[in-house]
Every structure is written in C-alpha cells, then in structure tokens.
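# Structure at a glance
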Amino acid sequence: MKTWPHLFWLLAFLLLAPLMAAEELNATQQVDLQLLLAVDSSSSIDAREFDLQMRGYAEAFRSKEVQNAIRGVGDLGVAVAMVHWAGEDEQVIAQDWQLLVGAEDSVAFADQLDQTPRYVRRGSTAIGNMFAFAHAMVKAAPYAGRRQVIDVSGDGESNKGIPVARGRASLLEQRITINGLAILNEEPALDIYYQQHVIGGAGAFLISSPGFEEFGDAIRQKILRELEGAPLSMDESDESGPRVQFSQHK
C-alpha cells in the first residue's frame, strides 16, 4: 500500500513534465536576430578611444539606415545586448537584452549607450574568455534568435586565458556567427589575426578600421550588414576607411 503515493506522484510528473517543458520554451521569446555587441575595454584602450567606440555605437543606432534595417529584419524584431570585456575575469554586461522593433526603440537604445559608463578599465585581452561569457549570455537570454550573432571589436590579439580556438569552437557548434571589427592603430596585421582566428560561422565577415577615428563609420557598416544578413560577394577595400573581408571558416 505504501507504494501507491509514490506511483501517484510518478504518474503526475510524467503527465506534467511535457507541459512544464512547453511553458519554459514559451517563456523564451522568438526574434529574427539576436545580436550581442562585445566591446574591447582592455588596457590598450584609453579613455578617448573608448568614448569613440561608444559614440560610434550610439550614432549607428541613431542612423536612419540602421533604423530602417531594424524594421526590415522581420516582424519579430532584434534582441540586442552589449558586453564590455578585457582579461580572463573581466567581462561585464553593459546593456542587458532588449528588443528593438522600430526607430523609437533604436533611439532609446542609443540614448542608453550614451549614458553607459565604462565598466572595465584595465586588463589584458582574453578573447577566448569573452567567447565563453558571450556563449553563456546568449543561452541565458529571454530571447532566441533565428539568427544569432556575436559582434566583437578590438585592437589586439588575445594574450591571456582560454585558447581562442576553444571558445570560438563552442560558439560555432551552436551555429552562432562571429563577426569582427579589427582596429589597426596598434597592430596593423590584426585583421589577418581576426580573419584566421576570430570570425566564423554562416555569413561571417570582418571589417577593419585604420583607427578609432574611423570606428563610427566602420561599426555602422558592420551593424547594417548584420541586420540585413546580406552575404558578402566581394572583398571591398578602401585604404582611407573601413575594409570588409570574407570569413574563410563556415
């Protein structure tokens, strides 16, 4: 007789488990694009350079081009978040996930970026650790994108922490695309490093910027491409401005 209560609860669990799983799935809102902006905040980035980065992101989301692209992504919208990153244990959520579906949302996000402090002010460059942090953040988000993209910008090669290849592989296994923006002011060949070791996934691309003064134009172009999801058909080069390159990795 003592076994009946146990059988009752076992049967109840078996009946309710699928409903609980469905409820948990429904709690994650589907979106057309899930975009995580990962901003280099390591010691090689001084205060002026960091401000130029943040201003570039804000101006991009205020641009009519980006606002039109957000509307064109799809009816489900774009979930966007931002991380400031540097060394092994120096990754901070600067802006948590939020949904953009039109111009007002885009402007509101730009206003938030203008008010965002620098959460990381020192540290080495641990791209592999940033990848691990980004992976966890994408998985824990209240949104699930039909496309999932990590948008990483930086001015140096990884020099600490988890091997970049390991962190990168974990993202690619989940079909998360990694796009890069290499800032070449200190390491002129950083674009080659990003090309070979950082970017990857479906439709992945790299934009290189000569310096921080050109960052705003570069990041606007980058976000536009990510929103539009347009495949690259050529290597676009301009010695005085941003340069776009294919991903060699799928």
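Residues numbered from 1 in each chain as written. Predicted model: local features only at pLDDT ≥ 70, side-chain atom pairs only at ≥ 80, totals over all residues. Heavy atoms only, no water.

With that settled, the discussion passes to the overall build of the protein chain. If you tally the helices and strands in the protein chain, you get 8 helices and 7 strands. Burial analysis of the protein chain (250 residues in total) assigns 51% to the buried set. Restricting to contacts in the protein chain with at least 6 residues of sequence separation, those with at least 24 account for 79%. Per element, the accessible surface of the protein chain, about 12400 Å² overall, is 54% carbon and sulfur. (Helix = DSSP H or I, 4+ residues; strand = E, 2+ residues; numbered from the N terminus. Buried < 20%, exposed > 50% of the residue type's maximum accessible area, 1.4 Å probe, protein only. Contact = heavy atoms within 4.5 Å. Areas by Shrake-Rupley, 256 points an atom, 1.4 Å probe, with all protein chains shown as cover.)

Below, the discussion takes up the environment of Asp-151. Note on placement: Asp-151 falls in strand E4 (residues 143–154). Note on Asp-151: relative accessible area 0%, which makes it buried. As a C-alpha pair, Asp-151 and Ile-199 span 48 residues in sequence and 9.3 Å in three-dimensional space. Among residues more than four places away in sequence, those in contact with Asp-151 are Leu-35, Leu-36, Leu-37, Ala-38, Tyr-57, Asn-179, Ile-219, Lys-222, Ile-223 and Glu-226. Separated by 2.3 Å, the side chains of Asp-151 and Lys-222 make a polar contact. (Polar contact = N/O pair within 3.5 Å; in protein donor to acceptor, adjacent residues only side chain to side chain.)

Attention now moves to the pattern of salt bridges. Within the structure shown, the criterion is met by 9 salt bridges. Residues Arg-62 and Asp-111 are paired through a salt bridge, measuring 2.7 Å at the closest nitrogen-oxygen approach. Taken together, the residues span a long stretch of sequence, with Arg-62 in helix H2 (residues 47–62) and Asp-111 in helix H4 (residues 103–114) at a distance of 49 residues. In this structure Asp-111 comes out as partly exposed when scored by relative accessible area, which is 38%. Between Lys-222 and Asp-151 there is a salt bridge; the shortest N-O distance is 2.3 Å. Taken together, the positions of Lys-222 in helix H8 (residues 215–228) and Asp-151 in strand E4 put the pair 71 residues apart, joining distant regions of the chain. Considered together, Lys-222 and Asp-151 belong to a single accessibility category, that of buried residues. (Salt bridge = Lys/Arg side-chain N within 4 Å of Asp/Glu carboxyl O.)

Moving on, we get to unusual backbone geometry. With a phi close to 60 degrees, Arg-175 is a non-glycine residue in the positive phi region. If you trace the backbone, Arg-175 turns up in the loop between helix H6 (164–173) and strand E5 (177–183).

Describing an aromatic ring pair means giving the distance of the ring centres and the angle of the ring planes. With the rule as written, the count across this model stands at 3 aromatic pairs. Ring centres of Phe-61 and Phe-109 lie 4.9 Å apart, and the angle between their planes is 85 degrees; this geometry places the pair in the edge-to-face category. Of the two residues, Phe-61 is situated in helix H2 and Phe-109 in helix H4; the sequence distance between them amounts to 48 residues. Its relative accessible area of 2% is what places Phe-61 among the buried residues. (Phe/Tyr/Trp six-rings, centres within 6.5 Å; stacked < 30°, edge-to-face > 60°.)

A few words on the side chain of Gln-91. Assignment of secondary structure puts Gln-91 in strand E3 (residues 91–100). A residue is classified by how much of its surface remains accessible, and Gln-91, at 15% relative accessible area, is buried. A polar contact is formed between the side chain of Gln-91 and the backbone oxygen of Gly-87, at a distance of 2.8 Å.

With that settled, the discussion passes to the confidence of the model for the protein chain. This prediction gives the protein chain a mean pLDDT of 86; 81% of its residues lie at or above 70. Across residues 230–241 the pLDDT falls below 50, and counting only partners more than four positions away or on other chains, this stretch makes 18 contacts in the model. In this model, residues 246–250 is a region of pLDDT below 50 whose contacts with residues beyond four sequence positions or in other chains number 20 contacts. (pLDDT = per-residue confidence, 0-100.)

Quick look at the side chain of Thr-177 now. Within the element layout of this structure, Thr-177 appears in strand E5. Apart from the residues lying within four places of it in its own chain, the contact partners of Thr-177 are Gln-148, Val-149, Ile-150, Gly-200, Gly-201, Ala-202 and Ala-204.

Quick look at the nonpolar core now. Within the largest apolar cluster, 36 residues are counted, with the highest numbers of intra-cluster contacts made by Leu-37, Tyr-57, Phe-61, Met-82, Leu-113, Ile-223 and Leu-227. With 7 residues, H2 is the single largest residue contributor to this core. Residue contacts for Phe-61: discarding those within four places in its chain leaves Leu-37, Val-66, Gln-67, Ile-70, Val-80, Leu-100, Ser-106, Val-107, Phe-109, Ala-110, Leu-113 and Ile-223. (Core = buried A, V, L, I, M, F, W, Y, C linked by side-chain atoms within 4.5 Å.)

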